[in-house]
Amino acid sequence: ADHNLEYAPGDVAVLYPENAPEDVDTLSVRMGWTRMMDDEYIIKPTDAGWPLSREFPPRATLRQLLTQYLDISSVPRASFFQIIRHFATDEREKEKLEEFCTPEGQDELFAYCNRPRRTITEVLSEFRSVKVPLGYLLDVFPAIRPRQFSIASSCLTCPEGIQLCVAIVRYKSILKVPRKGLCTSWLARMSIGTRLTIRLESGTMVLPSDLSRPIILIGPGTGVAPMRAIIQDRNHKGAKNNLLYFGCRSARCDFHYEKEWTELSSKGNLILRLAASRDQEEKVYVQHLIPKDAVLLWDWIVSKEGSVFISGSSGPMPKSVRKAIIQALCVGGGWEEETSANYLREMELSDRWNEECWS
């Protein structure tokens, strides 16, 4: 950044990813747009009652639109097929596209498109008679969605910029075709020194103003990002009652910020619990470690009125962690399960229970 930034633990960085140049070139060749890619066009809706789905520039080249604004690598929705069927000139292709648009054809459409994660560009490469008129570009291609990432640093220790913890998305579909995440592949191909535009948004996590209050952090995988920001912030202010449950597949391969956590633990500024799920025969996750700290958790959560923060996938993890903490309070304090569950609900109402999870 050109100046010091102000942001709080739990805040979010909003990024605006771009399509890969080779993907843009592939689509332009397929559509026959190669010679007009650098021509400038006026961008405006043809009907004032149907505004654009995101703020487009008033003028842009076709290359800019396909690179910065239109998503050409996502899995197409049903509306995509409803539109492009009108542009098919081959009768068999038109018939297949129209079949995809019927209630009876939804299972086949799912099998063709969603299961193998076929992209928009790949679909257009297979239905070769489809030629999208430029006037329908913004109807056919969805807008690229901004991506949100929890900031993994504190402005007290990193005032000149922000740090992110990002897992690069790469996998193979059921057709054995390599797939990549739009935003993470964009980040991965950047060179050091690349300048980009981001937006900062306020997060939802509420830290205790009293630094003597303990905090319990549960952040498996890249969910550890906001936890790192919180720990850096509290460590800079001298708060020591910090307990982190971190989960990963292997401590050797993806123990994010291992050196940092180890150093803080050695100084007595952090209690670290590691669940490396694949490092032993029986898988161990963060929720399996929580009941082992039943006495400590009772003391920190109930006696000292600490706060709990959970971040990561919105799958079964948050519910499993909640269940484990309820169990820990039952064991550590001798409460009934209903009493423990009610206490957690009271924590939510008083901002002592914070969840930031995503799908």
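Below: a short report on this structure.

Cut-off values and rules
Residues numbered from 1 in each chain as written. Predicted model: local features only at pLDDT ≥ 70, side-chain atom pairs only at ≥ 80, totals over all residues. Heavy atoms only, no water. Helix = DSSP H or I, 4+ residues; strand = E, 2+ residues; numbered from the N terminus. Buried < 20%, exposed > 50% of the residue type's maximum accessible area, 1.4 Å probe, protein only. Areas by Shrake-Rupley, 256 points an atom, 1.4 Å probe, with all protein chains shown as cover. Lys, Arg positive; Asp, Glu negative; His and termini not counted. Charge placed at Lys NZ, Arg CZ, Asp CG, Glu CD. Salt bridge = Lys/Arg side-chain N within 4 Å of Asp/Glu carboxyl O. Polar contact = N/O pair within 3.5 Å; in protein donor to acceptor, adjacent residues only side chain to side chain. Contact = heavy atoms within 4.5 Å.

Bringing the overall build of the protein chain into the picture now. Counting its secondary structure elements, the protein chain contains 15 helices and 12 strands. Structurally, the protein chain occupies a C-alpha span of about 70 × 50 × 45 Å along its principal axes. Relative to its 359 residues, the protein chain shows a buried fraction of 43%. Counting every atom, the protein chain has about 19,600 Å² of accessible surface; 50% of that belongs to carbon and sulfur. One way to put it: in the protein chain the 45 positive side-chain charges average out to a point 4 Å from where the 47 negative ones average out.

Moving on, we come to helix H13 (residues 294-303). Along H13, the residues classified as buried are Ala 294, Leu 297, Trp 298, Trp 300, Ile 301 and Val 302. At the exit of H13 stands Glu 305, carrying a positive phi of roughly 50°.

Within the fold, Arg 147 resides in strand S4 (residues 147-150). Of the side chains with opposite charge, Asp 71 lies nearest to the buried Arg 147, which makes no salt bridge, at 4.8 Å. Here Arg 145 takes part through its backbone oxygen, which lies 2.6 Å from a polar atom of the side chain of Arg 147. Once you skip the residues sitting within four places of it in the chain, Arg 147 turns out to touch Ala 13, Val 14, Leu 15, Pro 17, Leu 182 and Cys 183.

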